[in-house]
Amino acid sequence: MLDIITVPTPSLRKRSKEIDHNFLVLEETQQFIDDMVTTMYEDDGIGLAAPQVAQNIRICVIGKEAIPKKHHIKGDLILVNPTWERISKKTLWDIEGCLSVPRIFGKVKRYKEIEIKAWDRNGKPLSFEANDFLARVIQHEVDHLDGVLFIDKARDLYEVERKDSRL
Ligand code: ZN
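All of the points below concern the structure found in this document. (Residues numbered from 1 in each chain as written. Predicted model: local features only at pLDDT ≥ 70, side-chain atom pairs only at ≥ 80, totals over all residues. Heavy atoms only, no water.)

Here's the deal with the side chain of Arg58
Here is step 1 of the chain: Structurally, Arg58 can be placed in the loop between β1 (47-49) and β2 (59-62).
Here is step 2 of the chain: Overall, the relative accessible area of 5% leaves Arg58 in the buried class.
Here is step 3 of the chain: Only 3.0 Å separates the side chain of Arg58 from the backbone oxygen of Ser16, close enough to count as a polar contact.
Here is step 4 of the chain: Here Leu145 takes part through its backbone oxygen, which lies 3.0 Å from a polar atom of the side chain of Arg58.
Here is step 5 of the chain: The residues touching Arg58, leaving out its near neighbours within four places in the chain, are Arg15, Ser16, Lys17, Glu18, Ile19, Leu79, Val80, Asn81, Pro82, Leu145 and Asp146. (Helix = DSSP H or I, 4+ residues; strand = E, 2+ residues; numbered from the N terminus. Buried < 20%, exposed > 50% of the residue type's maximum accessible area, 1.4 Å probe, protein only. Polar contact = N/O pair within 3.5 Å; in protein donor to acceptor, adjacent residues only side chain to side chain. Contact = heavy atoms within 4.5 Å.)

Some remarks on unusual backbone geometry
Here is step 1 of the chain: Geometrically, the link from Val7 to Pro8 is a cis peptide bond, its omega value of 5° lying close to zero.
Here is step 2 of the chain: Its location among the elements puts Pro8 in the segment before α1 (21-24).
Here is step 3 of the chain: For Asp44, which is not glycine, the phi torsion reads 60° and is therefore positive.
Here is step 4 of the chain: Backbone geometry places Asn81, a non-glycine residue, at a positive phi of 50°.
Here is step 5 of the chain: As for its position among the elements, Asn81 is in strand β3 (residues 77-86).

Quick notes on the packing of aromatic side chains
For any pair of aromatic rings, the description consists of the separation of the ring centres together with the inter-plane angle of the planes.
Here is step 1 of the chain: Tallied over the entire structure, the rule returns 2 aromatic pairs.
Here is step 2 of the chain: Ring centres of Phe105 and Tyr158 lie 5.9 Å apart, and the angle between their planes is 25°; this geometry places the pair in the stacked category. Separated by 53 residues along the polypeptide, Phe105 in strand β5 (residues 101-111) and Tyr158 in strand β8 (residues 155-159) bring together distant segments of the chain.
Here is step 3 of the chain: For Phe105, a relative accessible area of 7% gives the class buried.
Here is step 4 of the chain: On the basis of relative accessibility, which here comes to 37%, the residue Tyr158 falls in the partly exposed class.
Here is step 5 of the chain: The ring of Trp93 carries the charged tip of Arg155 above its face, separated from the ring centre by 3.8 Å. (Phe/Tyr/Trp six-rings, centres within 6.5 Å; stacked < 30°, edge-to-face > 60°. Lys NZ or Arg CZ within 6 Å of the ring centre and 35° of its normal.)

A look at helix α2 (residues 27-42)
Here is step 1 of the chain: For α2, with 16 residues, the first-to-last C-alpha span of 22 Å sits near the 22 Å given by 1.5 Å per residue.
Here is step 2 of the chain: Turning to α2, its buried residues are Thr29, Gln30, Phe32, Ile33, Asp35, Met36, Val37, Thr39 and Met40.
Here is step 3 of the chain: Buried-residue contacts for α2 involve α1, β1, β2 and β3.
Here is step 4 of the chain: Of the residues flanking the end of α2, it is Asp44, one or two places downstream, whose phi is positive at about 60°. (Expected span 1.5 Å × (residues − 1).)

Quick notes on the side chain of Ser88
Here is step 1 of the chain: Mapped onto the elements of the fold, Ser88 is located in the loop between β3 and β4 (91-98).
Here is step 2 of the chain: Owing to a relative accessible area of 17%, Ser88 belongs among the buried residues under this scheme.
Here is step 3 of the chain: Among the polar contacts made by the side chain of Ser88, one reaches the main-chain amide nitrogen of Lys90 at a distance of 3.2 Å.
Here is step 4 of the chain: Excluding residues that lie within four positions of it along the chain, Ser88 makes contacts with Tyr111 and Glu113.

Digging into the coordination of the zinc ion
Here is step 1 of the chain: Only Cys98 (SG), His140 (NE2) and His144 (NE2) from the protein reach the zinc ion as donors, at distances of 2.1 to 2.3 Å.
Here is step 2 of the chain: We classify His144 as buried; its relative accessible area is 1%. (Donors = N, O, S within 2.8 Å, 3.2 Å for Na, K, Ca; no water.)

Here we look at the environment of Val137
Here is step 1 of the chain: One can find Val137 in helix α3 (residues 132-145).
Here is step 2 of the chain: Each C-alpha atom of the pair Val137 and Asp34 lies 19 Å from the other, and the pair is 103 residues apart in sequence.

Next comes the structure, spelled out in structure tokens:
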């Protein structure tokens, strides 16, 4: 599907641009979102941000398996121009990996409870709270939109030989 770009490609380190409504509703952009979802699943990812497929625009997709049922989201979560704020100061350390940093894993501290504001794929405003793993995935993906990789924040990095599920 789409090619995943990996470190040290410089565009992974760029701040991606907000997109406007007219651009979002273009057929090409909608197709790109579908292609991102397909690529994420084909590569066993849990989330994918547009700069990972060489587009420096603020879109990320998050797979069903990261989304608790209570959110009543059908299918995958598409976030356009996402921003988040912490709801509490609680943090959690857990293991992360990334499709753009193959075979490397490490522990990253993330906020446990956040509030997200974004558009859905049609430009409709979304606002919701996320906890724990979903909150972690969203913080990881929004970091991509700002040119930040988990290895910048991780401790105890290690390398594995086989592929595994990554963000
Ligand atoms: Zn990643």
